[in-house]
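Structural features, examined
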Number of protein chains: 2
Amino acid sequence: MYTIVVEGVLPELDGGRHPVKRLVGDVYEVGADIYRDGHDTIAARIRHRGPGEEEWRQSPLAYEPAEDRWYGSFALDRIGKWHYTVEAWTDRFGTWRGDLEKKVAAGQDVTPELLEGAELIEATARRAWFGEARTALRAAAQRIRDTDIARSARITAALTPELHALVETHYVPDDVTVYDKELELYVDRPRAGFAAWYELFPRSQSLDPKQHGTFDDAARRIPRLAELGYDVIYLPPVHPIGRMFRKGKNNTLTPEPDDVGSPWAIGNENGGHTAIEPALGPIEDFDRFVRFANDHGMEVALDYALQCAPDHPWVQDHPEWFHVRPDGTIKYAENPPKKYQDIYPLNFWCDDREGLWNACRDVLFYWIGHGVKTFRVDNPHTKPFAFWEWVIDEVQSKHPDVIFLAEAFTRPKKMKNLAKLGFTQSYTYFTWKNTAFELREYLEEMTQTEMAEYFRGNFFVNTPDILHEYLQHGGPQAFRVRLLLASTLLPLYGIYSGYELYENVPVRPGSEEYMHSEKYEIRVRDWEAPGNLNPMIQRINRARRENPALQRYPNLQFHRSENDQILFYSKVAPDAGNYLLMVVNLDPHRPQETMVHVPLELLGLTEHEPYTVEDLLTGARYTWRSSRNYVRLDPHSQQAGHILRLERG
Amino acid sequence: MYTIVVEGVLPELDGGRHPVKRLVGDVYEVGADIYRDGHDTIAARIRHRGPGEEEWRQSPLAYEPAEDRWYGSFALDRIGKWHYTVEAWTDRFGTWRGDLEKKVAAGQDVTPELLEGAELIEATARRAWFGEARTALRAAAQRIRDTDIARSARITAALTPELHALVETHYVPDDVTVYDKELELYVDRPRAGFAAWYELFPRSQSLDPKQHGTFDDAARRIPRLAELGYDVIYLPPVHPIGRMFRKGKNNTLTPEPDDVGSPWAIGNENGGHTAIEPALGPIEDFDRFVRFANDHGMEVALDYALQCAPDHPWVQDHPEWFHVRPDGTIKYAENPPKKYQDIYPLNFWCDDREGLWNACRDVLFYWIGHGVKTFRVDNPHTKPFAFWEWVIDEVQSKHPDVIFLAEAFTRPKKMKNLAKLGFTQSYTYFTWKNTAFELREYLEEMTQTEMAEYFRGNFFVNTPDILHEYLQHGGPQAFRVRLLLASTLLPLYGIYSGYELYENVPVRPGSEEYMHSEKYEIRVRDWEAPGNLNPMIQRINRARRENPALQRYPNLQFHRSENDQILFYSKVAPDAGNYLLMVVNLDPHRPQETMVHVPLELLGLTEHEPYTVEDLLTGARYTWRSSRNYVRLDPHSQQAGHILRLERG
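Description of the structure in this document. What you see as residue numbers is a count from 1 along each chain, following the sequence as written. All chains are assigned letters beginning at A, and all ligands numbers beginning at 1, according to the order in which they are written. It should be noted that, the model being predicted, local features are given only for residues of pLDDT at least 70 and side-chain atom pairs only at 80 or more, the latter also being counted only at that level, while totals for whole chains, interfaces and linings use all residues. Only hydrogens and water are set aside when side-chain values are computed; all heavy atoms of the structure are taken into account.

Some points on the overall build of chain A
- Within chain A one finds 16 helices and 29 strands.
- With respect to the principal axes defined by its C-alpha atoms, chain A has extents near 110 × 70 × 45 Å.
- Whether a residue is buried, partly exposed or exposed follows from its accessible area with a 1.4 Å probe, protein chains only, as a fraction of its type maximum: under 20%, in between, or over 50%, in that order. In chain A, buried positions account for 58% of the 649 residues.
- In chain A, 73% of the contacts between residues at least 6 apart in sequence involve partners at least 24 apart.
- In the form shown here, chain A has an accessible surface area of approximately 26,200 Å², with 50% of it arising from carbon and sulfur atoms.
- With 75 positive and 97 negative side-chain charges, chain A shows a spacing of 2 Å between the two charge centroids. For helices the rule is a DSSP run of H or I covering at least 4 residues; for strands it is a run of E covering at least 2, with both sets numbered from the N terminus onward. Between two residues, a contact is recorded if the distance between any of their heavy atoms is within 4.5 Å. Shrake-Rupley sampling with a 1.4 Å probe provides the accessible areas, and residues are treated as covered by the protein chains on show and by no other component. The positive count covers Lys and Arg only, the negative count covers Asp and Glu only, and His and the chain ends enter neither. Taken as the charge centre is NZ of Lys, CZ of Arg, CG of Asp or CD of Glu, depending on the residue.

The structure is reproduced here in structure tokens:
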């Protein structure tokens, strides 16, 4: 039983069930409601422990009377899992000292109070660790008790700030109340929260459509990708591809003999999840590819797709890891009445659960051993949630710098839960949010609610599975608009190769699948074809690197635009003096104009002061005055919008 | 590790730390988010246990696709502490059956599926409790396996609803996931949630101001109070009153010899918290008073004020229960530089904590033994929160019908925490909420947010400590307005005697204390003085009893009124066909008029349908049409507002 109540600690997710996420270098702010009966003064602090630390560190909490709440913070100086909690105690000396001051001011007799104070100081002296402090405390108590000196001198001795500080340092509280939960916090490396991704199929990177590309072919693209400002090169599965029930071009069931198949049908006689498709080159070539990317400041992300083709070695070696039917056959994937005979799902709750889960974990360790620190996880929502919580913890407790991106296109609650269970980043519904209302509602949930504590959206403008209607029908301007949105709304965004060439032909009307999808065939393109999107990508990625406001997550705010076709939002980083306003014309077909309402207060401006904004896309400068300003954006000039940086006088 | 995720269970307070409150007879609604990986069907239920029950009872949860959430309920058929949680499992037979239907419809070969189903049914048979069910299940499996009969007959056998029901009844899930918290729910008797309180000082109930009133004097008022519709008679402390540092009239420090003192300075040579002030009569008279009130359908609430006068027997017998100063004296109450020398606070964390706490608890048991089931607790926020949680649980685990009302005029977080720790009801800031904005904001928090799950406000219009400025300056009309608000905004309200006589003189300008406060002297009044408020009180209490909508807590809704001086709100009970609209003129001085916007949809009305409302205060009837209607309220006609009941065609 405690004297003090400690509750309402934030951040806290689901009563402490799940960790909050932050980036290394962040200052972690904690708030708590702390109170007790009566009028005694309380003192409180945060206890926190970084990864690998056994001793608690402490940071003070200060009382904010206007909110009747306590606040404090500590710096996150290393990556990995942190723990923290809050504790409070009665500040007996502070209470006594405050009361004494009031009684003295009211001219009351304080003889008994002086004796009480001396007792408190002596008790503190008994617990003090250092002889010097003990002596000083005892001397003070002695003086406060000393009836041979004037009362006023005794009072003065009791109220010196030096004595106050000395007691505070050495006081051992007798009623420490610890918050009933020890909370967790996962701290990631910076790239977990700020990066531009580029997805490419290595097999499509030869110069000859008839020739299967290799890692060396793909490596030739690295210098240019680095120049364009990408941070992560994501490769779909690079493993041997199953031959049984292999899919043909455009997902047909009747492949030609030379069809290459889907990389997600993993495994054949050449190996499974820890093998490389021989046509891409040996593992040494993969290692060189990774090193070459690293040398250019980028890293390589691999796909982690836990499913097997019927000719995957595990099917022979561990049939018990699959679902076996009464007739002894292994169950292929299905969503009745649809059948996916080229894929065997794993049975995560099989009798050899431990063996299977360890094998899945060891796949990650294998690739980590080959320099991969980022995994894009295929369809995690079709595998047990318990598995993800376990495997991510297994990996990150050894390698806290490993990043997991969840490709969980499922219901919102499942998507959120995967993030809570440990996924560093998540794919989102961004591709399907195209109106101002949809974008604003979705982004406000993601950045302004509790979601911002654990969910980091990564805004892919397209994927090999998703060519949205907006891109199919909006022409190159649609690609510019979506690129500008993805890259400035969130610090994490990505494109799948072909986007820069405005590829927009679906396999059939109404489908979001690409015609001649790279999932089933080799596609060779001229990456520098005239008019491509690369110059805009390069400008945007440079703006993102040069402007701290674009590297943060919860600083997004939407502001009023008088035309619903034009979205207006800000991202500011006042500590870095960085103030950005984004204006985007969502209509890829027609010019639109609007009055935008600039949030002067947020920018630190007063109503009639003129100010200059510079468009980081074009270099143009505009001088604005007051909060309401005119903007016109015309698709015919290839202008999707502005990234306006406020210039400070 | 679980396959299934069960989370987001509501109601749940602070992660299960505190119980939710309800009334007996309520249906308890529970919601939960439940999901697993993949497409398998889930089944789920609530497990709940009433007070004294050892076995869990079960209620089904049903899936609501629009919200991706599960809902269920159970009836609260007894008072006391309930427990509940949620559990879910994979519905393997349902999944199999659904898939089979789809495959059959698609004309696929389902031979292996039939074998899988037969295995499932046989496994269920092995766990079935009754031989008959076992036999039926085995026969069904046999038929599904039977290759001698037509495939279509086997399929038909697999899909019969009878088999489905039989398997559902006897299936023992292999992956039950239980929500990780067992939640608590406290169910009170009806009067805990709906009552009109009346506070009186028994010593003021004689007919002669010079004579100390007795329980018998007070008993003479019972028939009339019952007639007026009160449910609870609350008595300030009835114990012997301390003589040392006794306060004189108007809280002076210089009492006359015959001054009666404050009843809250408890204890003298005649006894302490379990004694009766001799001038009120012996304990037998108290018992008779309680019985007489009960016979009139009312109950008696006592004050529980844990503090002692210096001449309380505990000071002699248990000096260790108080704060002893270094000079050996006992510490009186203070709020420096203010001193309260007539009161010794108890030291709840003294070395004999257990002895003191038990003694405090036994005071309650003593009065419960004398028929008292409701306690108004004086200043609970100045005693440890841990004590309240302990003592309320000690009492209610033996006497679940006991009600505790917290008089905690403290900061909101402390007030809320006391409610969470077990107080049945709470005093509120109502007296200080006088504008439409303040009332609406406060009531919406209390009835529409999580607060409604645990906090039951009791709206006292005045107390011996609080005569609000609004009443001091608003004349009798102010008393009518506040009465109408208190009694119709919440199901619990109270008045302190004298209110019905419009007593409105403060001890000095700017004070909320009464002149000649009954706290320090005997006040004899003519309770039926001409023009008193009793007729209105009687009409209101009758309306409250006859209209279920006024007996409920979270059904309050505010609606638009075009004049801020007129508050417009509804309380509806659709299941009882009871629809009420309240219109109150907050201005006690001037007539006000407005257009009120009737919430037609809430009342089940369409736009142009005429409808009749009856004023339960006057009997007047008005026919309205459409949502916007005119109201005028004039203080000169003594009209504070309307309680309008919709008459259904």
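Further notes follow.
Focus: the sheet that holds strand β22 (residues 556-558) of chain B
Residues and elements named next belong to chain B.
- In this description, strands pair whenever DSSP reports at least two bridges between them. One open sheet holds the six strands; their spatial order is β22-β23-β24-β29-β26-β27, and the pairing between them is antiparallel. Of all strands in the sheet, those with a lone pairing partner are β22 and β27 (621-625), marking the two edges. Sheet twist, expressed as the average angle between the axes of neighbouring strands with direction ignored, equals 30°.
- With eight bridges joining them, strand β23 (residues 566-573) and strand β24 (residues 578-585) adopt antiparallel strand pairing. Each residue of the ladder has a partner; that of K571, found in β24, is L580. Throughout, an axis means a line fitted to C-alpha atoms (over the contacting stretch in the case of helices), and angles, computed between N-to-C directions, take values from 0 to 180 degrees.

Here we look at the relation of the copies chain A and chain B
- A least-squares superposition brings the copies together, and it is based on the C-alpha atoms of residues with pLDDT no lower than 70 in both. Aligned on chain B, chain A shows an RMSD of 0.1 Å; the corresponding rotation is 180° and the shift along the axis is 0.0 Å. With respect to symmetry, the two chain copies, as superposed, fit the operation of a two-fold axis. Relative to the rotation axis, the closest C-alpha in chain A is found at A:G15, a distance of 2.7 Å.
- Comparing contact sets, 100% of the residues at the interface of chain A also lie at the interface in chain B, consistent with an isologous, same-surface contact.

With respect to the interface of chain A and chain B
- Contact with chain A, which involves 49 residues of that partner, is made by 50 residues of chain B.
- In short, buried area is how much 1.4 Å probe accessible area vanishes from two parts on joining, totalled over both. Roughly 4,400 Å² of surface becomes buried between chain A and chain B when both sides are summed, with 54% attributable to carbon and sulfur atoms.
- Area buried by chain A at its contact with chain B is led by A:M1, A:P326 and A:K413, which between them contribute 15% of it.
- Just to be clear on terms, a salt bridge is a Lys or Arg side-chain nitrogen sitting within 4 Å of an Asp or Glu carboxyl oxygen. Run the count over chain A and chain B and you get twelve salt bridges.
- Here B:K103 ties to A:E334 by a salt bridge, and the two come within 2.8 Å at their closest N and O atoms.

Looking at the pattern of salt bridges
- Considering all chains together, one arrives at 120 salt bridges over all chains under this definition.
- The shortest N-O distance in the salt bridge between B:K519 and B:D465 comes to 2.4 Å. Residue B:K519 is found in the loop between β21 (492-496) and α15 (534-546), and its partner B:D465 is found in the loop between β20 (459-460) and α14 (469-489); the two are separated by 54 residues along the sequence.
- Its relative accessible area of 6% is what places B:K519 among the buried residues.
- On the basis of relative accessible area, B:D465 is assigned to the partly exposed category, the value being 31%.
- Within this structure, A:K103, A:E113, A:E116, B:R325, B:K331 and B:E334 form a network of salt bridges that share partners.

Structural notes on the packing of helix α3 (residues 131-145) of chain A against helix α5 (residues 161-170) of chain A
Residue and element names in this part refer to chain A.
- Running from amino to carboxyl end, α3 crosses α5 at an angle of 130°, the nearest separation of the two axes being 11 Å. As judged from the angle between their axes, α3 and α5 are oblique. The hand of the α3/α5 crossing is left-handed. Contacts between α3 and α5 pair A133, A136, L137, A140 and I144 from the former with L163, L166, V167 and H170 from the latter.
- Classes in brief: Ala, Val, Leu, Ile, Met, Phe, Trp, Tyr, Cys and Pro nonpolar; Asp, Glu, Lys and Arg charged; the others, Gly included, polar. Residues belonging to the contact of α3 with α5 are distributed by class as follows: eight nonpolar, one polar and no charged. Note that the term roughly parallel is reserved for angles under 35 degrees, roughly antiparallel for angles over 145, roughly perpendicular for angles of 65 to 115, and oblique for everything else. In this scheme the crossing of two helices becomes right-handed for a clockwise turn of the near helix relative to the far one and left-handed for an anticlockwise turn of less than a right angle.

Here's the deal with unusual backbone geometry
- In this structure, A:P337 follows A:P336 across a cis peptide bond, with omega equal to 5°.
- Residue position: A:P337 is located in the loop between β14 (333-335) and β15 (338-340).
- Although it is not a glycine, A:N251 adopts a positive phi angle of roughly 65°.
- Topologically, A:N251 is positioned in the loop between β11 (232-235) and α8 (283-295).
- With a relative accessible area of 39%, A:N251 lands in the partly exposed category.
- Unlike most non-glycine residues, B:N379 shows phi in positive territory, near 45°.
- When you line up the elements, B:N379 lands in the loop between β17 (374-378) and α11 (385-398).

Notes on the environment of B:F194
All names here are of chain B.
- Note on placement: F194 falls in the loop between β9 (183-188) and β10 (195-199).
- The class for F194 is buried, based on a relative accessible area of 17%.
- Sequence-wise, F194 and F245 are 51 residues apart; in three dimensions their C-alpha atoms are separated by 40 Å.
- The residues contacting F194, other than those within four sequence positions of it, are P491, L492, R544, R545, L550 and Q551.

Re the side chain of A:R376
Residues and elements named next belong to chain A.
- Examined against the element boundaries, R376 turns out to sit in strand β17 (residues 374-378).
- Under the relative-accessibility criterion, R376 is labelled buried at 3%.
- N or O atoms closer than or at 3.5 Å make up a polar contact, with two conditions inside protein: a donor-capable atom paired with an acceptor-capable one, and, for residues adjacent in sequence, both atoms drawn from side chains. One polar contact links R376 to Y234, side chain to side chain, over a distance of 2.9 Å.
- Excluding its chain neighbours within four sequence positions, the residues that come into contact with R376 are W197, Y234, W264, L302, D303, Y304, L405, E407 and Y427.

Some details on the sheet that holds β20(B)
All names here are of chain B.
- One open sheet accounts for eight strands, arranged β19-β18-β17-β12-β11-β10-β21-β20; its pairing is parallel. The open sheet has two edge strands, β19 (425-426) and β20, and neither has a second partner.
- The pairing of strand β12 (residues 299-304) with β17 spans four bridges and is parallel. Opposite L302, over in β17, you have F375 as the bridge partner.
- Helix α8 (residues 283-295) rests against β11 (232-235) and β12 of the sheet, and its axis sits at about 135° to β12.
- Here α15 sits on the sheet in contact with β10 and β21, set at roughly 160° to β21.

Observations concerning helix α15 (residues 534-546) of chain A
Residues and elements named next belong to chain A.
- Under the 1.5 Å per step criterion, the end-to-end length of α15 is 18 Å for 13 residues, consistent within 8% with the ideal 18 Å.
- Looking at α15, one finds that the buried residues are N534, M536, I537, I540, N541, A543 and R544.
- Looking at the buried side of α15, the elements it contacts are β10 (195-199), α7 (222-228), α14 (469-489), β21 (492-496) and β29 (641-647). In this scheme, a helix's expected span is set at 1.5 Å multiplied by one less than its residue total.

Side note on the state of the cysteines
- Cysteine sulfur atoms are paired as a disulfide whenever they fall within 2.5 Å. In total, this model carries zero disulfides over all chains according to the counting rule given.
- Looking at A:C360, it has no disulfide partner, and the nearest cysteine sulfur is the one in A:C308, 8.1 Å off.
- We classify A:C360 as buried; its relative accessible area is 0%.
- B:C350 carries a free sulfur, and the closest cysteine sulfur to it, the one in B:C360, is 9.4 Å from it.
- Judged by relative accessible area, B:C350 falls into the buried class, the value being 6%.

Some points on the side chain of B:R47
Residues and elements named next belong to chain B.
- Position of R47 among the secondary structure elements: in strand β4 (residues 42-49).
- Of the polar contacts made by the side chain of R47, one reaches the side chain of E87; its length is 3.0 Å.
- Sequence-distant contacts of R47, that is, excluding residues within four places in its chain, are made with W56, R57, Q58, H83, Y84, T85, E87 and V178.

Brief notes about α14(A)
Residues and elements named next belong to chain A.
- If you check α14, its first and last C-alpha atoms are just 21 Å apart, much less than what 21 residues at 1.5 Å a residue would give, namely 30 Å.
- Note that bend, as reported per residue, equals the angle between axes fitted to the 7 residues terminating at that residue and the 7 residues originating from it. G475 marks the point of greatest bend in α14, at about 135°, and the proline P476 comes within the next four residues.
- Across the 21 residues of α14, 17 count as buried, placing the element largely inside the fold.

Focus on the packing of helix α1 (residues 92-105) of chain A against α5(A)
All names here are of chain A.
- Interaxial distance between α1 and α5 falls to 10 Å at its minimum, and their mutual angle equals 155°. Here α1 lies roughly antiparallel to α5, going by the angle between them. Across from F93, G94 and R97 in α1, the residues of α5 making contact are P161, L163, H164 and V167.
- Here the residues of the contact of α1 with α5 sort into four nonpolar, two polar and one charged.

Notes on the packing of aromatic side chains
- Note on ring pairs: Phe, Tyr and Trp rings are taken, using the six-membered ring of Trp, and paired if centres are within 6.5 Å. Classes follow the plane angle, with under 30 degrees stacked, over 60 edge-to-face and the rest tilted. Scanning the model with the defined rule gives 78 aromatic pairs over all chains in all.
- A centroid spacing of 5.0 Å and a plane angle of 5° characterise the contact between B:Y427 and B:F460, whose relative ring orientation is stacked. Of the two residues, B:Y427 sits in the loop between β19 and α13 (436-448) while B:F460 sits in strand β20, which places them 33 residues apart along the sequence.
- On the accessibility criterion, B:F460 (4% relative accessible area) is buried.
- Here the aromatic cluster, defined as three or more aromatic residues joined through ring pairs, consists of A:Y304, A:F348, A:W349, A:W357, A:F375, A:F387, A:W388, A:W390, A:F404 and A:F423.

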